[in-house]
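# Per-entry structural report
Each chain, written out:
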Amino acid sequence: MFSKDKTRLICYLGSYSRSYAIPGSVRVIDDYAFCNCEELVSVIIPEGVSTIGRYTFQSCDGLVSANLPKSVTVIENGLFSKCKQLSSITIPDSITSIGVGAFRGCAQLASINIPHSVTTIGSYAFSECDNLESIYIPSSVEVMGDNPFACSPKLKIDVHDNPKFIFVDDVLYDKDRTRIILFPTEKTGDFVITEGVESVDGYAFCGCEALESISFPEGLESIGECVFKDCKELES
C-alpha cells in the first residue's frame, strides 16, 4: 500500500513473498510497514529513501539480508528487532544514529561494522544477539544508551580508539568510571564495584552464571532493570 504518488510505502501486504524490491519512487517507509512478514527473506531498499520508520522490519523471522541506502541517516528504534535469521547487514557511512533496540534479538547476526559517522548508539541496540562475536566502537561514538550490548554472550567489544569509554579488568565503563555498562559473563567469584561508580546499566551482569557476590559502594545512585538476570550463583 502506497501513497497516491508512490513516494510513501505505508504497509507491505505481500505477507507470503520471499523477496521484495521497493520501488525507486519511495522516499518514506512507515513505522511497522513490514512487521511480522515472516516469509520475507530479502528486501532491497533503493537509494533515495530518506526515512525508514520505527520497527519497520520487526519480527520478520525469515529475513536473512537487507541493505540500507546512503540516503538514510538514522536507524530508527527497533528497525530490525527480532529478525531471528538476519545474518548480513551493512551500515552505510551516512548513518549518524542507531536507535533503541534496533538489532535486538537478531540471533544469527555474527558481525557488524559501525562506521565513523555514527555518534549515538541507543539502549539495547545490539542486545540478545546470541551469535554476535565482535563489534568495533569508533572514536566518533559519543553517546551510548543503556547497555547497548546486553545479553549477547559471545560479544567482544573494541573501544580502544574511543575516548569516551574504557575497559578496566574486562568491565566496560564510561571514561570517568562513574558508570558500569557491561560486565563480562565469564567472571567468577566475587566482584567489588569501586568507589566513584554512580550507576549500573540495565542487564549489565546478565548471564554471569558463576558470579557469587557483589559489593556496592556508598555512592551508587541507580541500578538499571534486570541487572542480574540469569546470575544463577549470585547470593548477595
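Please refer to the structure placed before this passage.
Nothing here was measured: the structure is a model prediction, and the numbers come from that model. Note on numbering: residues in each chain are counted from 1, in written sequence order. In keeping with the predicted nature of the model, local features appear solely for residues at pLDDT of at least 70, side-chain atom pairs appear and are counted solely at 80 or more, and the whole-chain, interface and lining totals rest on all residues. Note that water and hydrogens are dropped before the side-chain values are worked out from all heavy atoms of the structure.

### Quick look at the overall build of the chain
- Tallying secondary structure elements over the chain gives zero helices and 21 strands in all.
- C-alpha atoms of the chain, sized along the principal axes, occupy 60 × 35 × 25 Å.
- Here the chain holds 236 residues, and the buried ones make up 48% of them.
- By definition in these notes, contact holds between two residues if any of their heavy atoms fall within 4.5 Å. Put simply, 24% of the contacts in the chain that link residues at least 6 apart link residues at least 24 apart. Helix and strand definitions follow DSSP, with helices as H or I runs of at least four residues and strands as E runs of at least two, each counted in order from the N terminus. Residue exposure (1.4 Å probe, protein chains only): buried if accessible area is under 20% of the type maximum, exposed if over 50%, otherwise partly exposed.

### Description of the sheet that holds strand E10 (residues 111-112)
- Here, any two strands with at least 2 DSSP bridges between them count as paired. Reading across the sheet, the three strands line up as E10-E12-E14 and stay open at both edges, with parallel pairing between neighbours. If you trace the sheet from one side to the other, it starts and ends with E10 and strand E14 (156-158), each paired once.
- Relative to strand E12 (residues 134-136), E10 runs parallel, the two being bridged by two bridges. Among the inter-strand pairings, Ser111 is bridged to a residue of E12, identified as Ser134.

### So, the state of the cysteines
- When two cysteine sulfur atoms are found within 2.5 Å, that pair is recorded as a disulfide. Per the stated rule, a full pass over the model turns up one disulfide.
- The side chain of Cys151 participates in a disulfide bridge whose partner is Cys206; the two sulfur atoms lie 2.3 Å from each other. Its S-S torsion of about 115° marks the bond between Cys151 and Cys206 as right-handed, since a negative value means left-handed. Linking Cys151 in the loop between strand E13 (143-144) and E14 with Cys206 in the loop between strand E19 (199-200) and strand E20 (211-215), this pair joins segments that are 55 residues apart in sequence. Of the two residues examined, Cys151 and Cys206, each falls in the buried class.

### A few points about the environment of Val100
- Within the secondary structure, Val100 is located in the loop between strand E9 (97-98) and E10.
- By relative accessible area, Val100 is classed as partly exposed at 38%.
- Placed 107 residues apart in sequence, Val100 and Gly207 show a C-alpha to C-alpha distance of 21 Å.
- The contact partners of Val100, leaving out residues within four places of it in the chain, are Asn77, Gly78, Gly122 and Ser123.

### Points about a negative patch on the surface
- Here a patch means residues that are over 30% exposed by relative accessible area and free of salt bridges, tied together within 9 Å if like-charged and within 5 Å if nonpolar (Val, Leu, Ile, Met, Phe, Trp, Tyr). In short, Shrake-Rupley with a 1.4 Å probe defines the accessible areas, and a residue's cover is counted only from the protein chains shown. A pair is scored as a salt bridge if a Lys or Arg side-chain nitrogen falls within 4 Å of a carboxyl oxygen belonging to Asp or Glu. By the counting scheme adopted, Arg and Lys are positive, Glu and Asp are negative, and His together with the chain ends is not counted. Lysine's charge is taken at NZ, arginine's at CZ, aspartate's at CG and glutamate's at CD. A surface patch of like charges, here negative, comprises Asp190, Glu212, Glu233 and Glu235.
- Structurally, the position occupied by Glu233 is in the segment after strand E21 (222-223).

### Thoughts on the layout of surface pockets
- In this structure, the largest pocket encloses a volume near 300 Å³.
- The method works on a 1 Å grid over the protein atoms by themselves. A cavity is a set of points holding a 1.4 Å probe that cannot get out, a pocket is an open set with protein on both sides within 12 Å along at least five of seven lines, and residues with an atom within 4 Å of a point line them. If you trace the largest pocket, you find 18 residues lining it, with Leu155, Lys156, Asp170, Leu182 and Pro184 closest to the centre.
- Gly is placed with the polar residues, together with every amino acid not listed as nonpolar (Ala, Val, Leu, Ile, Met, Phe, Trp, Tyr, Cys and Pro) or charged (Asp, Glu, Lys and Arg). Considered class by class, the residues forming the lining of the largest pocket number 13 nonpolar, two polar and three charged. Grid points are joined across faces, edges and corners, and a volume is the space filled by probe spheres set on the points.

### Overview of the nonpolar core
- Buried Ala, Val, Leu, Ile, Met, Phe, Trp, Tyr and Cys residues form a nonpolar core when they are joined through side-chain atoms within 4.5 Å. The biggest cluster of nonpolar side chains holds 52 residues, and the ones touching the most others in it are Phe34, Phe57, Phe80, Ile98, Phe103 and Phe126.
- Leaving out residues up to four positions away in the same chain, Phe126 has contacts with Ile98, Phe103, Ile112, Ile114, Ile121, Leu132, Ile135, Pro148, Phe149, Ala150 and Ser152.
- By size, the runner-up hydrophobic cluster in this structure holds 17 residues, among which are Tyr173, Phe191, Cys208 and Ile214.

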